[in-house]
Amino acid sequence: MNILTEKFNTPYHSAPFGDIKNENYLPAFKELIQKSEEEINAIVDNPAAPTFENVIEALAYSGEQLDVVSNIFFNLNSAETSDEIQQIAQEVSPILTEYSSKISQNEALFNKIKKVYDEKEKYNLNEEQEMLLNETYKGFVRSGALLNEEDKEKLKKISMDLSIKSLQFGQNVLASTNAYFKHITDKEQLAGIPEAIIEQFAEEAKERNLDGWVVTLQYPSYIPFMTYAENRELRKELALANGKKSFDGGEYDNQNLIKELLQLKQQKAELLGYKDYADYVLEERMAKSPVKVIDFLNELLTKAKPYADQEIEELKSLAKADGIEDMQSYDHAFYAEKLRKQKFDLNDEELKPYFPLNQVQDAVFGLAGKLFGLTFEERNDIPKYHEDVKVYEVKENGTYKSLLYVDYFPRKGKRAGAWMTSYKNQYKQNGENSRPHISIVCNFSKPTKDTPSLLTFQEVTTLFHEFGHALHGMMADTQYPTLSGTSVKWDFVELPSQFLENFCYEPEFLKTFAKHYKTGEVLPDEKIEKIEQSKNFMEGYQTLRQLGFGLLDMNYHTKVAELENKSVKEFEDQYTKATTLYPINPETAMSPSFSHIFQGGYSAGYYSYKWAEVLDADAFQYFKENGIFNPEIAAKYKVLLSSGGTKDPMELYKAFRGSEPKVESLLKRAFG
């Protein structure tokens, strides 16, 4: 008996992490794929006339256990991977891709779906049912259901290749990140770096059985080093190592993979009748077309560029005072921190004692309580995949709502960054509301023997960001799993996360939790004021950086043919030139580690961060005008969160706000 193929004998049928062995995965996937195929065959072989219930609904509820096991496995591949898990992923990915291709290209199944779709007027469907029917039909068409047999085979092969190569891309980035570390034995080389961070470097060295200090390319190590290290040569060395991730011609190089991935996506788009991959992707987004996205990004670029130029000039004059005439990108964080301290007398290290992780977590939990009536209780009887993970039972007004897993600290087997994911979707079936299991994964500084985990202010906003996504998952209240929680149009998905970040800058809220971990002293008013003032610090630079990523992504997915005669580096330099504020380094490129678009789901979708900023600025403006804890507006916002993908996002937004979002709300917030 395989533990993964049975109903889990755990509280709320949560993932039985402690009992899962790596050898369980492959047989479980094979068995559950077979079981899911039997469910599909039952739909196809049903002699009764096709109806919404026996085709569309039956399909929406099929393969539940397979989804759960896939979520467990691929979440672990991101958060707690190993060579063995990566090897299994290489074997499992093509099997799953073949399975999904088999379903999406099942002609008999599609014929039944099409019959229901063509006759939908007779079914008297509600809004959610109609959305499910439309999305199901469209999903099959976009997966090749209308293609001939030969083209279906081509599409199947392309999909399998894409899945293997994108997995390889991510594994290369992780391996390349882990391959580098800087061992320092002379403490003078750490001049300027706060003692707490030096202690962190010492712990890293100890873990590697080395004397002295070790700096890595993991963000909690790399970012503080680049921000505080006075040693310019070392900053340059670290920046070069970071910029060469998967771009050094070595074993983990991703340049050829990028070209292969883009070629495959272009072939897929053309096969399905689209001009390019961006055209294919954006049909299913709020933005609708590449032209609209490019116009949107360029409009913001025009407005933000003068602010960004002004910011860089300020930094250059600071650097000149230190005798630096040729300021480079690796000087940016160091001088930005200097300027921030000068302008606001504020630095991360003096703020960190006011933001111990447990207090910040309590604050975000408390905010969810105030706005939506949620409570969080730690459960020690629910299995975890690592000792650092904590699990909370979430209740709404006393009723079980969700499980929430939190995993905050970096490890060798965890990829960089922060993300929210789910182990199980919410849905309703047979009178039961099956609740979701949600997870937040971050990379914050670990506690040391003397201090708890202390967050930079940026990490505080990161936790709020991921918790915003988690709320979208936890508040889900839809009929069907495929329309639940974060299963929304991709350029709508960042609204709940970015929206929640706004609360971090509100004095009345900040005072409730920003308290010194030793003395209990509340963060002084002048510092809170400076946090508010510094909110838009380097906003022009940050905006251009995001616009650069968005424009590069959009050009990669609309101009693949150009890459035949160009290197990845040449292409990147060309399409980020308008947003580049420092001299371009010929030895570095960010594309080979741009996991968002080559491994994650942001292909032709990176613009959605900025798109969602317009939504979140406009939404929070509504709260600001009426009180940030306003219960009536919170209730309307809760409807938006709980509706998932059951309605068109613009309609959902207008129902909440009373109008479409205005780009002016973002510009006002960013540049006054």
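Above this note sits the structure.
Cut-off values and rules
Residues numbered from 1 in each chain as written. Predicted model: local features only at pLDDT ≥ 70, side-chain atom pairs only at ≥ 80, totals over all residues. Heavy atoms only, no water. Buried < 20%, exposed > 50% of the residue type's maximum accessible area, 1.4 Å probe, protein only. Helix = DSSP H or I, 4+ residues; strand = E, 2+ residues; numbered from the N terminus. Contact = heavy atoms within 4.5 Å. Phe/Tyr/Trp six-rings, centres within 6.5 Å; stacked < 30°, edge-to-face > 60°. Lys NZ or Arg CZ within 6 Å of the ring centre and 35° of its normal. Expected span 1.5 Å × (residues − 1). Axes fitted to C-alpha atoms, helices over the stretch in contact; angles between N-to-C directions. Parallel < 35°, antiparallel > 145°, perpendicular 65-115°, else oblique. Left-handed = near helix turned anticlockwise from the far one by under 90°. Nonpolar A, V, L, I, M, F, W, Y, C, P; charged D, E, K, R; others polar. Pairing = 2+ DSSP bridges. Polar contact = N/O pair within 3.5 Å; in protein donor to acceptor, adjacent residues only side chain to side chain.

### Notes on helix H2 (residues 52-60)
The buried fraction of H2 is high, at seven of nine residues. All of the buried residues in H2 are Phe-52, Asn-54, Val-55, Ile-56, Glu-57, Leu-59 and Ala-60. Of the surrounding secondary structure, the elements contacted by the buried residues of H2 are helix H1 (22-45), helix H5 (107-118) and helix H6 (127-142).

### With respect to the packing of aromatic side chains
Under the definition given, this model contains 58 aromatic pairs. Where Phe-365 meets Tyr-392, the ring centres are 5.1 Å apart and the plane angle is 75 degrees; that geometry is what we call edge-to-face. Pair noted here: Phe-365 is in helix H16 (residues 357-372) and Tyr-392 is in strand S4 (residues 390-396), with a separation of 27 residues, a long-range link. We classify Phe-365 as buried; its relative accessible area is 9%. Tyr-392 gets classed as buried once you look at its relative accessible area, which sits at 6%. Over the ring of Trp-419 we find Arg-415, and its NZ or CZ is 4.0 Å from the ring centre.

### Thoughts on helix H3 (residues 64-79)
Here H3 contains 16 residues, and its C-alpha end-to-end distance of 22 Å stays within 8% of the 22 Å for a straight helix at 1.5 Å per residue. Counting buried positions along H3 yields 12 of 16 residues, so the element is predominantly enclosed. Those residues of H3 lying buried are Gln-65, Leu-66, Val-68, Val-69, Ser-70, Ile-72, Phe-73, Asn-75, Leu-76, Asn-77, Ser-78 and Ala-79. On its buried face, H3 sits against H1, helix H4 (83-104), helix H7 (149-179), strand S5 (399-407), strand S6 (419-424) and strand S9 (437-441).

### Structural notes on the packing of H4 against H7
Relative to each other, H4 and H7 sit at 155 degrees, their axes nearing to 9 Å. One element, H4, and the other, H7, form an angle in the roughly antiparallel class. Once H4 is placed against H7, the crossing between them reads as right-handed. Within the contact between the two elements, H4 uses Gln-86, Ala-89, Gln-90, Ser-93, Pro-94, Thr-97, Glu-98 and Ser-101 and H7 uses Lys-156, Ser-159, Met-160, Ser-163, Ile-164, Leu-167, Gln-168, Gln-171 and Leu-174. When grouped by side-chain class, the residues that make up the contact of H4 with H7 number six nonpolar, nine polar and two charged.

### Here we look at the sheet that holds S4
One open sheet accounts for five strands, arranged S3-S4-S5-S9-S6; its pairing is mixed. The open sheet has two edge strands, strand S3 (374-378) and S6, and neither has a second partner. Strand-to-strand, the axes of this sheet are offset by a mean angle of 30 degrees, without reference to chain direction. The pairing of S4 with S5 spans seven bridges and is antiparallel. By the bridge assignment, Lys-390 is partnered in S5 with Val-406. In this fold H3 packs onto S5, S6 and S9, with an angle of close to 145 degrees to the strand it touches most, S6. Strand contacts of H16: S3, S4 and S5, with the helix running at about 145 degrees to S3, the strand carrying the most contacts.

### A few points about unusual backbone geometry
With the exception of glycine, the majority of residues adopt a negative phi angle, and the majority of peptide bonds are in the trans configuration. Of note, the phi angle at Tyr-12 is positive, near 55 degrees, even though the residue is not glycine. Within the element layout of this structure, Tyr-12 appears in the segment before H1. Taking the relative accessible area as the measure of exposure, Tyr-12 reaches 31% and is therefore partly exposed. Unlike most non-glycine residues, Ser-246 shows phi in positive territory, near 55 degrees.

### Description of the side chain of Lys-414
Here Lys-414 is to be found in the loop between S5 and S6. A distance of 2.6 Å separates the side chain of Lys-414 from the backbone oxygen of Cys-442, its partner in a polar contact. Look past the residues within four positions of Lys-414 in its chain and what remains in contact with it is Ser-78, Ala-79, Leu-174, Asp-407, Tyr-408, Phe-409, Trp-419, Val-441, Cys-442 and Asn-443.

These figures come from the coordinates and say nothing about function on their own.
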